[in-house]
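Okay, here's what each chain looks like letter by letter:
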Amino acid sequence: MAESFDVIVIGGGPGGYVAAIRAAQLGKRTAVVEKDKPGGRCLNYACIPAKTMLHTAEILEAARSSEGLGVRVSGVELDWEALGARRAQVSQTLSGGVKLLWDRNKVTWIEGEGSLTEDGNVRVGAEVYEAGAVILATGSVALPIPGVEFGGRIVDTWGAWSLPEQPRSIAVVGAGASGAEIASAYVRYGTEVTLIEMLDQILPAEDADCARVVERTFKKQGIDVSTGTPVENVEDTGESVRFTYGDQQGEADYLVIAGGRAPDTAALNLEAAKVETEENGKIRVDEYQRTSNQKVFAIGDLVRGPALAHKAMEEGVVAAEAAAGAPTHPIDVDLIPGATFCHPQVASVGLTEAQAKEKGLDYKVGRLKLGAVGAGTVYDDRDGFVKLIVDTTYGEIVGTHIVGNRACDMIAELVNTIALEGGYQELARIVHAHPTISEAVLDAARAVDGWATHAA
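No experiment lies behind these values; they were computed from the predicted model shown.

Asker: Can you walk me through helix α1 (residues 14-25) in this structure?
Answerer: With 12 residues, α1 extends 16 Å from end C-alpha to end C-alpha; this agrees with the ideal 16 Å at 1.5 Å per step. Among the residues making up α1, those that are buried are Pro14, Gly15, Gly16, Tyr17, Val18, Ala19, Ala20, Ile21, Ala23 and Ala24. Buried-residue contacts for α1 involve β1 (4-10), β2 (30-34), α2 (40-45), α4 (80-104), β6 (127-136) and α8 (309-324). Where α1 ends, the next residue or the one after it, glycine 27, has phi of about 85°, a positive value.

This is the structure in structure tokens:
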């Protein structure tokens, strides 16, 4: 046996690094096993690189359309090499920050790939580390579509964000959050973009009203959107990728597959450690993230609920506190906000209207377009809206959906209101600063009862 630790976390992504820090804060001797870089996939290959690239797309579009705002700009162009360098620098900075936090909290970083032993300890290479508790936080891996493998000009989402040159054209398969973000960035770079979704709407996890606004905007931006069309007959010619979708023939410089992900459990040796999984391959956990092996916890993309970094981080806190025997409070998976950083952004929490109907709920809807409040015109953020779905009997907010340039920042207010058991009645009386886009939340709550001040 090499060393012993109170808590060993396998995986140094958002969930893992937060779990390790929390365990250390609680006085536990803690180690993180990470085979790549601090921050894992999110900081180095997924969330952070994607948002860095999207921010550049936002600035580029603003510069090109600034004359109407009284700012004349000439010679605006994209520097692909500089963009790639900034993307790498942002990730490097944040990864270094995670390492600094580990050092500050006396968390030991064990470099390598970790797996469980039969007695619930951790093996890294030839070494076995004794653990009082283990937290599994290895995240997920990209899935190709049936009959297609990644390689060459067929790339996953990280491949899309790290292309060596700006492509003339790309086709994105899968119009969920990741696919929509890639399409939204590249069309603003000036690339021809085809966005293909097998289901009948883009952003299939979101409310249909939100999806319609985003699809309309995407088409105005020049994205060729196709729904209800699976991609088949994929051929990488070496110069481009040819494929069919529906009754159409397609060809693009690169084919980006953004259709789904699977829990990264292959190396964990779960069966030997008697850690049970669900039929979908995810690890079965209780409300405190504990697995069937009482010594082992699991968080993030490995377990039930949406595969989102902010969910993993909060589950990491719960797992670390439970492992340390400290008081804790399980997360409510139904209160995890969705956030898509395309343009316009989409954010949501709770039920869609279609789900409310399926459940047979007696509900009302309050809705207000962002253009109805003064800030919508000031900040050129007029096309989106705030939509509240509320229980008729008590006024409980059962779902809320926002489309707009800053929707992902705005959603926290709605999550807080629901978590604190506030209804739309309270939300309709909370003073919002003027002029801000968040005033649309106030008037959407008032719109439930038909007294929104700024309703057209």
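Asker: Got a minute to help me understand the nonpolar core in this structure?
Answerer: Generally speaking, nonpolar side chains in soluble globular proteins are found buried as a group. Core analysis: the largest hydrophobic core is formed by 39 residues, its most contacted members being Tyr189 and Phe218. Those elements that provide at least two residues to this core are α3 (47-64), α4, α5 (157-161), β9 (169-173), α6 (177-189), β10 (192-197), α7 (208-221) and β15 (254-257). In terms of residues, this core owes the most to one element, α6, which gives 7 residues. If sequence neighbours within four positions are ignored, tyrosine 189 has contacts with Met53, Leu54, Thr56, Ala57, Leu60, Arg64, Leu78, Trp80, Leu83 and Gln166. Ranked by size, the runner-up nonpolar core spans 30 residues in total, among them Leu335, Ile418, Tyr424 and Ala428.

Asker: Even after reading the chapter, I still don't get the pairing of β15, so can you show me in this structure?
Answerer: The side chains of a regular strand alternate between the sheet's two faces. Of the two faces of β15, the one holding Tyr254 and Val256 and the one holding Leu255 and Ile257 are both buried throughout. Inspection of the sheet shows strand β8 (residues 154-155) paired to β15 by 2 bridges, in the parallel sense. Paired with valine 155 across the two strands is valine 256, which belongs to β15. Summarising the sheet, β9 and β15 pair through 4 bridges and their orientation is parallel. Paired with alanine 171 across the bridge in β15 is leucine 255.

Asker: Got a minute to help me understand the packing of α3 against α4 in this structure?
Answerer: When two helices pack together, their arrangement is given by the angle between the helix axes and the distance between those axes. As a packed pair, α3 and α4 sit with axes 9 Å apart at the nearest point and diverge in direction by 140°. With respect to each other, α3 and α4 are oriented oblique. In the crossing of α3 with α4, the sense of the turn from one axis to the other is right-handed. Across from Ile48, Pro49, Thr52, Met53, His55 and Thr56 in α3, the residues of α4 making contact are Trp80, Leu83, Arg86, Arg87, Val90, Ser91 and Leu94. Residues belonging to the contact of α3 with α4 are distributed by class as follows: 7 nonpolar, 4 polar and 2 charged.

Asker: Mind showing me how you'd approach the sheet that holds strand β12 (residues 231-236) here?
Answerer: Across a sheet, strands are paired by hydrogen bonds formed along the backbone, either parallel or antiparallel in direction. The strand order across the open sheet formed by 3 strands is β12-β13-β14, and the pairing between neighbours is antiparallel. Only two strands of the sheet have a single neighbouring strand rather than two, namely β12 and β14 (248-252). Put simply, the sheet's adjacent strands are angled 20° from each other on average, direction ignored. As paired strands, strand β13 (residues 241-245) and β14 are joined by 5 bridges and run antiparallel to one another. In the sheet register, tyrosine 245 faces β14, and the bridge partner there is glutamine 248.

Asker: Sorry if this is basic, but what is going on with the packing of aromatic side chains here?
Answerer: For any two aromatic rings, the description comes down to two numbers: the centre-to-centre distance and the angle of the planes. One pass over the full model with this rule turns up 8 aromatic pairs. Here the aromatic rings of phenylalanine 5 and tyrosine 129 are separated by 6.4 Å at their centres, their planes lie at 45°, and the arrangement is tilted. With a gap of 124 residues between them, phenylalanine 5 in strand β1 and tyrosine 129 in strand β6 connect regions that are remote in the sequence. Taking 5.3 Å as the distance between ring centres and 75° as the angle between the ring planes, the aromatic pair formed by tyrosine 186 and tyrosine 189 counts as edge-to-face. Of the two residues, tyrosine 186 and tyrosine 189 are both situated in helix α6; the distance of 3 residues between them amounts to about one turn of the helix. Each member of the pair, tyrosine 186 together with tyrosine 189, is buried. These aromatic residues form a ring-pair network of at least three members: Trp80, Trp161, Tyr186 and Tyr189. Note that arginine 29 overlies the ring of phenylalanine 5, its terminal NZ or CZ placed 4.4 Å from the centroid. Across from the ring centre of tyrosine 254, 4.8 Å away, lies the NZ or CZ of arginine 153, which sits over that ring.

Asker: Whenever I open this one, a nonpolar patch on the surface confuses me. Can you help?
Answerer: Together, Leu69, Val71 and Val73 give the surface a local cluster of nonpolar side chains, amounting to about 280 Å² of exposed area. Residue placement: leucine 69 occurs in the loop between α3 and α4. What makes leucine 69 exposed here is its relative accessible area of 65%.

Asker: Sorry, what's going on with the layout of surface pockets here?
Answerer: Taking a probe equal in size to a water molecule and rolling it over the atoms shows the remaining empty space. Counted as a void, the second largest pocket has a volume near 200 Å³. Taken together, His310, Lys311, Glu314, Ile331, Asp332, Leu335, Ile336, Pro337, Val415 and Ala419 make up the lining of the second largest pocket. Put simply, the parts of the chain that give the lining of the second largest pocket at least two residues each are α8 and α11 (407-419). Considering every element that reaches the lining of the second largest pocket, the biggest residue donor is α8, with 3 residues. For the lining of the second largest pocket, the per-class residue count stands at 6 nonpolar, 1 polar and 3 charged.

Calculation rules
- In every chain, residue numbers begin from 1 and rise along the written sequence.
- Only residues with pLDDT of at least 70 get local features here, since the model is predicted, and only at 80 or more are side-chain atom pairs given and counted; chain-wide, interface and lining totals rely on the full set of residues.
- Based on all heavy atoms of the structure, the side-chain values leave hydrogens and waters out of the count.
- Strands are runs of DSSP state E lasting at least two residues, helices are runs of H or I lasting at least four, and both sets are numbered from the N terminus onward.
- To estimate the expected span of a helix, subtract one from its residue number and multiply by 1.5 Å.
- Exposure classes here rest on a 1.4 Å probe applied to the protein chains alone. A residue is buried below 20% of its type maximum, exposed above 50%, and partly exposed in between.
- Note on contacts: a residue pair is in contact if any heavy atoms of the two residues lie within 4.5 Å.
- Side-chain atoms within 4.5 Å link the members of a nonpolar core, which is a set of buried Ala, Val, Leu, Ile, Met, Phe, Trp, Tyr and Cys residues.
- Whether two strands pair depends on DSSP finding at least two bridges between them.
- Structural elements are reduced to axes, namely lines fitted to C-alpha atoms, with helices fitted over the stretch in contact, and the angle between N-to-C directions of any two is expressed from 0 to 180 degrees.
- Angles below 35 degrees are treated as roughly parallel, those above 145 as roughly antiparallel, those between 65 and 115 as roughly perpendicular, and all remaining angles as oblique.
- Should the near helix be turned anticlockwise from the far one by less than a right angle, the crossing is termed left-handed; should it be turned clockwise, right-handed.
- Classes in brief: Ala, Val, Leu, Ile, Met, Phe, Trp, Tyr, Cys and Pro nonpolar; Asp, Glu, Lys and Arg charged; the others, Gly included, polar.
- In summary, the pairing rule links any two rings of Phe, Tyr or Trp, Trp by its six-membered ring, whose centres are within 6.5 Å, and it sorts them by plane angle into stacked for under 30 degrees, edge-to-face for over 60 and tilted for everything else.
- Our definition puts a charge over a ring when NZ of Lys or CZ of Arg is within 6 Å of the ring centre and also within 35 degrees of the ring normal.
- Patches draw on residues past 30% relative accessible area with no salt bridge. Two like charges within 9 Å are joined, as are two nonpolar side chains (Val, Leu, Ile, Met, Phe, Trp, Tyr) within 5 Å.
- Areas reported here follow the Shrake-Rupley algorithm with a probe of radius 1.4 Å; residue values treat only the protein chains shown as occluding.
- When a carboxyl oxygen of Asp or Glu is within 4 Å of a side-chain nitrogen of Lys or Arg, the pair counts as a salt bridge.
- Grid points spaced at 1 Å over the protein atoms alone were grouped into cavities, where a 1.4 Å probe fits but cannot get out, and pockets, open sets with protein on both sides within 12 Å along at least five of seven lines, with lining residues defined by an atom within 4 Å of a point.
- Grid points are joined across faces, edges and corners, and a volume is the space filled by probe spheres set on the points.

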